[in-house]
Amino acid sequence: MVSKTLTFVTGNKNKLAEVKAMLGKVEGIEIENHDVDLPELQGEPEDICREKTRLAAESIKGPTIVEDTSLCFNALHGLPGPYIKDFLKKLGHEGLNTILAGFEDKSAYSQTIFGYTDGPGHEVHLFPGRCQGRIVPPRGNYFGWDPIFQPDGKEQTFAEMSHEEKNTISHRSRALAGLIQFLQQM
Ligand SMILES: O=c1nc[nH]c2c1ncn2[C@H]1C[C@H](O)[C@@H](COP(=O)(O)OP(=O)(O)OP(=O)(O)O)O1
Ligand SMILES: [Mg+2]
């Protein structure tokens, strides 16, 4: 594979840092960041990511990567899902726990879907990754909903783990593995 520089469109510095750290070990793929203010779309996560990729590529006018991340409560049939950003902003960690107070089932999964396209008008490729776990009262200090998500088989929330440990098992790392494999075969 020839070495390529790809544009990752996101306004989230923590996403960018994780992706850069995970790509650090991969030869031939360089990432640069553009912060385009993309809309928070509605619908199924795959459709949201496809449209988000299309919109980002129109602004970049070249090879473009985006990702959209969901937090899905099984008791709520997958909600808040792609709407977690607004739920987190309005309700906070405590409020997200309160939503599940009436349910015995606290299980949840985190999901990232990467979208890649060669540019405007080109096909959009999607790469999903999930991590199964459960919602707990907040522990630890890291971004987003990491303090309330405890992956299955772990004693710590994402926020209590080292970045390296999170990056070994996370939704984002699993999704990124699919994208990397695709890019390396191009
Ligand atoms: O690994 C994560 N651990 C904890 N929280 C996370 C993670 N990844 C995203 N998050 C948060 C950020 C936002 O509140 C929501 C996803 O929304 P999402 O639209 O994908 O992200 P965003 O608007 O921050 O950045 P972008 O410019 O890429 O759309 O979940
Ligand atoms: Mg967003």
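A few points on the structure. These numbers come from a predicted model, not from an experiment.

Things to note about the state of the cysteines
Here is step 1 of the chain: Applying the stated rule across the entire model yields 0 disulfides.
Here is step 2 of the chain: In this structure Cys 49 is not part of a disulfide, and its nearest cysteine sulfur, from Cys 72, lies 13 Å away.
Here is step 3 of the chain: Summary of cysteine pairing: Cys 72 is not part of a disulfide, and the nearest cysteine sulfur, belonging to Cys 131, is at 12 Å.
Here is step 4 of the chain: According to the relative accessible area criterion, Cys 72 is buried, its value standing at 4%.

A closer look at the packing of aromatic side chains
Here is step 1 of the chain: Taken as a whole and assessed by the stated rule, the structure comprises 6 aromatic pairs.
Here is step 2 of the chain: Here Tyr 142 and Phe 143 contribute two aromatic rings whose centre-to-centre distance is 5.0 Å and whose plane-to-plane angle is 90°, an arrangement assigned as edge-to-face.
Here is step 3 of the chain: Relative to Phe 158, the ring of Phe 149 lies with its centre 5.2 Å away and its plane at 35°, an arrangement referred to as tilted. By the burial criterion, Phe 149 is buried, and Phe 158 matches it.
Here is step 4 of the chain: Taken together, the ring pairs connect Tyr 116, Phe 127 and Phe 182 into an aromatic cluster.
Here is step 5 of the chain: Its end group placed over the ring of Phe 158, Lys 166 keeps NZ or CZ at 5.3 Å from the ring centre.

A word on the pattern of salt bridges
Here is step 1 of the chain: One pass over the structure, following the stated rule, counts 11 salt bridges.
Here is step 2 of the chain: A salt bridge links Asp 47 to Arg 50; the nearest nitrogen and oxygen atoms lie 3.4 Å apart. Placement of the pair is Asp 47 and Arg 50 together in helix α2 (residues 45–60), with a separation of 3 residues, close to one helical turn.
Here is step 3 of the chain: The class for Arg 50 is partly exposed, based on a relative accessible area of 30%.
Here is step 4 of the chain: With its nearest N and O atoms 3.2 Å apart, the salt bridge here joins Lys 154 to Glu 165. Of this pair, Lys 154 sits in the loop between β7 (149–151) and α4 (163–169) while Glu 165 is found in helix α4, placing the two residues 11 residues apart along the sequence.
Here is step 5 of the chain: A single salt-bridge network, built from bridges that share partners, covers Lys 15, Glu 18, Glu 67, Asp 146, Lys 166 and Arg 172.

Considering α2
Here is step 1 of the chain: Compared with the 22 Å implied by 1.5 Å per residue over 16 residues, the 22 Å span of α2 between its first and last C-alpha is a close match.
Here is step 2 of the chain: Within the sequence span of α2, burial applies to Pro 45, Ile 48, Cys 49, Lys 52, Thr 53, Ala 56, Ala 57 and Ile 60. Each buried residue of α2 lies within a common arc of 160° when the element is viewed along its axis, so the set occupies one face.
Here is step 3 of the chain: Of the surrounding secondary structure, the elements contacted by the buried residues of α2 are β1 (4–9), α1 (13–23), β2 (29–34), β3 (64–73), β5 (107–117) and β6 (124–135).
Here is step 4 of the chain: Just past α2, the residue Lys 61 takes up positive phi, approximately 60°.

Points about the site of ligand 1
Here is step 1 of the chain: Taken together, 18 residues lie around ligand 1, and Thr 10, Lys 52, Lys 85, Asp 146 and Arg 172 are the ones closest in.
Here is step 2 of the chain: Interatomic distance of 2.6 Å between a side-chain N/O atom of Thr 10 and an oxygen atom of ligand 1.
Here is step 3 of the chain: Asp 146 is positioned with one of its side-chain polar atoms (N or O) 2.6 Å from a nitrogen atom of ligand 1.
Here is step 4 of the chain: A total of 590 Å² of accessible area belongs to ligand 1 in isolation, and the protein chains cover 93% of it.
Here is step 5 of the chain: More than half of the atoms belonging to ligand 1 lie within 2 Å of the grid points that define the largest pocket.
Here is step 6 of the chain: Elements with a contribution of two residues or more to the shell around ligand 1: β3, α3 (84–99) and α5 (171–185).
Here is step 7 of the chain: Sort the elements by how many residues they give to the shell around ligand 1 and β3 lands first, with 3 residues.

Each value, and the rule that gives it
- Residues numbered from 1 in each chain as written.
- Chains lettered and ligands numbered in written order.
- Predicted model: local features only at pLDDT ≥ 70, side-chain atom pairs only at ≥ 80, totals over all residues.
- Heavy atoms only, no water.
- Disulfide = S-S within 2.5 Å.
- Buried < 20%, exposed > 50% of the residue type's maximum accessible area, 1.4 Å probe, protein only.
- Phe/Tyr/Trp six-rings, centres within 6.5 Å; stacked < 30°, edge-to-face > 60°.
- Lys NZ or Arg CZ within 6 Å of the ring centre and 35° of its normal.
- Salt bridge = Lys/Arg side-chain N within 4 Å of Asp/Glu carboxyl O.
- Helix = DSSP H or I, 4+ residues; strand = E, 2+ residues; numbered from the N terminus.
- Expected span 1.5 Å × (residues − 1).
- Arc of directions from axis to C-beta.
- Contact = heavy atoms within 4.5 Å.
- Near = heavy atom within 4 Å.
- Polar contact = N/O pair within 3.5 Å; in protein donor to acceptor, adjacent residues only side chain to side chain.
- Areas by Shrake-Rupley, 256 points an atom, 1.4 Å probe, with all protein chains shown as cover.
- 1 Å grid on protein atoms, 1.4 Å probe; cavity = no way out; pocket = protein on both sides within 12 Å on 5 of 7 lines; lining within 4 Å.
- Sits in = over half its atoms within 2 Å of the grid points.

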